[in-house]
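# Chain and residue survey
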Amino acid sequence: DAGVIQSPRHEVTEMGQEVTLRCKPISGHNSLFWYRQTMMRGLELLIYFNNNVPIDDSGMPEDRFSAKMPNASFSTLKIQPSEPRDSAVYFCASSFLTGDEKLFFGSGTQLSVL
Amino acid sequence: GESVGLHLPTLSVQEGDNSIINCAYSNSASDYFIWYKQESGKGPQFIIDIRSNMDKRQGQRVTVLLNKTVKHLSLQIAATQPGDSAVYFCAEKGRFTGGGNKLTFGTGTQLKVEL
């Protein structure tokens, strides 16, 4: 298995632009998570999907952030408009909800908003 | 103004020595814990897990110890190698309000292996 695949690997954009981050979870996994990692706040959970349905989005910082999971093999995290303080590494992780809580993380997207 | 970032605890060990990384967790009801390793430029990778009905679990060169009385978790790495240099996170399992398991991560410890 290729693991969790995220794209792009790096994204540099200007303040005010829309940013879309993409994630392909591990095939067969039914839970998907988006995390953000910064030096200031460490690893923060943004949103959690189970069977493509958003279950908990309490970590989404504000309305500029939105996430979708149109099918079991694809999810997006969108920031519109982006701001410099959104600069961070964004990770997608997936797991199979059988009581095995291990998360498998992608390599992350390094986002820089200028 | 000056920004203040997380001050990651750092553990420096000599190659070949044993490493012990500690973690305190918050929820006495947590019944599952995981250790993750994050190398530079990569996502966190699962190392080892332990359930609350156990005090100790061993893997390959790694051992996790759980002390529920004081809500403390430790990761022991035997014969530390340069490839062990990374940030290590502990995580505890909780529950989402809407159902499902939620992992809450600690701030991490930077392990540096000196040759």
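Up top is the structure these notes are about.
Below is a short write-up of the structure.

## A short note on the pattern of salt bridges
Note that side chains of opposite charge can pair when their charged atoms are close. Counted according to the given criterion, the structure contains 14 salt bridges over all chains. Note that Glu39(B) is salt-bridged to Lys42(B), the shortest N-O span being 3.8 Å. Three or more residues are tied together by salt bridges with common partners; here these are Glu62(A), Arg64(A), Glu83(A), Arg85(A) and Asp86(A).

## Overview of the nonpolar core
The biggest cluster of nonpolar side chains holds 21 residues, and the ones touching the most others in it are Leu32(A), Trp34(A), Phe49(A), Met60(A), Ala67(A), Leu77(A) and Tyr90(A). Secondary structure elements with two or more residues in this core: strand 3 (19–24), strand 4 (31–38), strand 5 (42–50), strand 7 (65–71), strand 8 (74–79), strand 9 (88–95) and strand 11 (109–113) of chain A.

## Quick word on the interface of chain B and chain A
Counting residues at the interface gives 26 residues for chain B, matched by 23 residues for chain A. When chain B packs against chain A, the two sides together hide about 1,900 Å² of surface, and 60% of this comes from carbon and sulfur. As a salt-bridge pair, Lys102(A) and Asp49(B) come within 4.0 Å of each other at their nearest N and O atoms. The tally of links from chain B across to chain A stands at 3 residue pairs in polar contact (both at pLDDT 80 or more). Elements that contribute at least two residues to the side of chain B that touches chain A include exactly strand 3 (32–38), strand 4 (45–51), strand 8 (86–95) and strand 9 (101–105) of chain B. When the residues that make up the side of chain B that touches chain A are grouped by side-chain class, the tally is 11 nonpolar, 10 polar and 5 charged.

## Considerations on the layout of surface pockets
In this model, the largest pocket occupies a volume close to 310 Å³. Elements with a minimum of two residues in the lining of the largest pocket: strand 4 of chain A together with strand 8 of chain B. Counting residues per element, the lining of the largest pocket draws most heavily on strand 8 of chain B, which supplies 3 residues. Its residues placed into classes, the lining of the largest pocket shows 6 nonpolar, 8 polar and 2 charged.

## Regarding empty space enclosed by the protein
Under the definition given, this model contains 1 cavity of 30 Å³ or more. Within this model, the largest cavity holds a volume of roughly 70 Å³. The wall of the largest cavity is formed by 10 residues, among which Phe33(A), Ser95(A), Glu101(A), Leu103(A) and Asn101(B) lie closest to the centre. Counted by class, the lining of the largest cavity contains 5 nonpolar, 3 polar and 2 charged residues.

## Remarks on the pairing of strand 9 of chain B
Residues and elements named next belong to chain B. Residues Asn101, Leu103 and Phe105 line the buried face of strand 9, whereas the alternating positions Lys102 and Thr104 sit on a face that is not buried. Here 5 bridges tie strand 8 to strand 9, and the two strands are oriented antiparallel to one another. Within the sheet, the bridge partner assigned to Arg95 lies in strand 9 and is Asn101. Between strand 8 and strand 9, which pair antiparallel one after the other, the connecting turn spans 5 residues, and Gly99 there sits at a positive phi close to 100°.

## Comments concerning the state of the cysteines
In this structure the tally under the stated criterion is 2 disulfides over all chains. For Cys23(A), the disulfide goes to Cys92(A), at an S-S distance of 1.9 Å. Its S-S torsion of approximately -65° makes the covalent link between Cys23(A) and Cys92(A) left-handed. With Cys23(A) in strand 3 and Cys92(A) in strand 9, this residue pair connects regions lying 69 residues apart in the sequence. One disulfide in the model links Cys23(B) with Cys90(B); its S-S distance is 1.6 Å. Disulfide Cys23(B) to Cys90(B): torsion about the S-S bond roughly 40°, handedness right-handed. Of the two residues, Cys23(B) is situated in strand 2 (residues 19–24) and Cys90(B) in strand 8; the sequence distance between them amounts to 67 residues.

## Let's talk about the sheet that holds strand 6 (residues 62–67) of chain B
Residues and elements named next belong to chain B. One open sheet accounts for 4 strands, arranged 2-7-6-5; its pairing is antiparallel. With one partner strand each, in any of the chains shown, strand 2 and strand 5 (56–58) form the two edges of the open sheet. With strand direction ignored, the average angle separating the axes of adjacent strands in the sheet is 15°. Of the pairings in the sheet, the one linking strand 2 to strand 7 (residues 72–77) comprises 6 bridges and is antiparallel in character. Among the inter-strand pairings, Ile21 is bridged to a residue of strand 7, identified as Leu75.

Rules of the game
Residues numbered from 1 in each chain as written. Chains lettered and ligands numbered in written order. Predicted model: local features only at pLDDT ≥ 70, side-chain atom pairs only at ≥ 80, totals over all residues. Heavy atoms only, no water. Salt bridge = Lys/Arg side-chain N within 4 Å of Asp/Glu carboxyl O. Core = buried A, V, L, I, M, F, W, Y, C linked by side-chain atoms within 4.5 Å. Buried < 20%, exposed > 50% of the residue type's maximum accessible area, 1.4 Å probe, protein only. Helix = DSSP H or I, 4+ residues; strand = E, 2+ residues; numbered from the N terminus. Contact = heavy atoms within 4.5 Å. Buried area = accessible area lost by both parts, 1.4 Å probe. Polar contact = N/O pair within 3.5 Å; in protein donor to acceptor, adjacent residues only side chain to side chain. Nonpolar A, V, L, I, M, F, W, Y, C, P; charged D, E, K, R; others polar. 1 Å grid on protein atoms, 1.4 Å probe; cavity = no way out; pocket = protein on both sides within 12 Å on 5 of 7 lines; lining within 4 Å. Points joined across faces, edges and corners; volume = space filled by probe spheres on them. Pairing = 2+ DSSP bridges. Disulfide = S-S within 2.5 Å. Axes fitted to C-alpha atoms, helices over the stretch in contact; angles between N-to-C directions.

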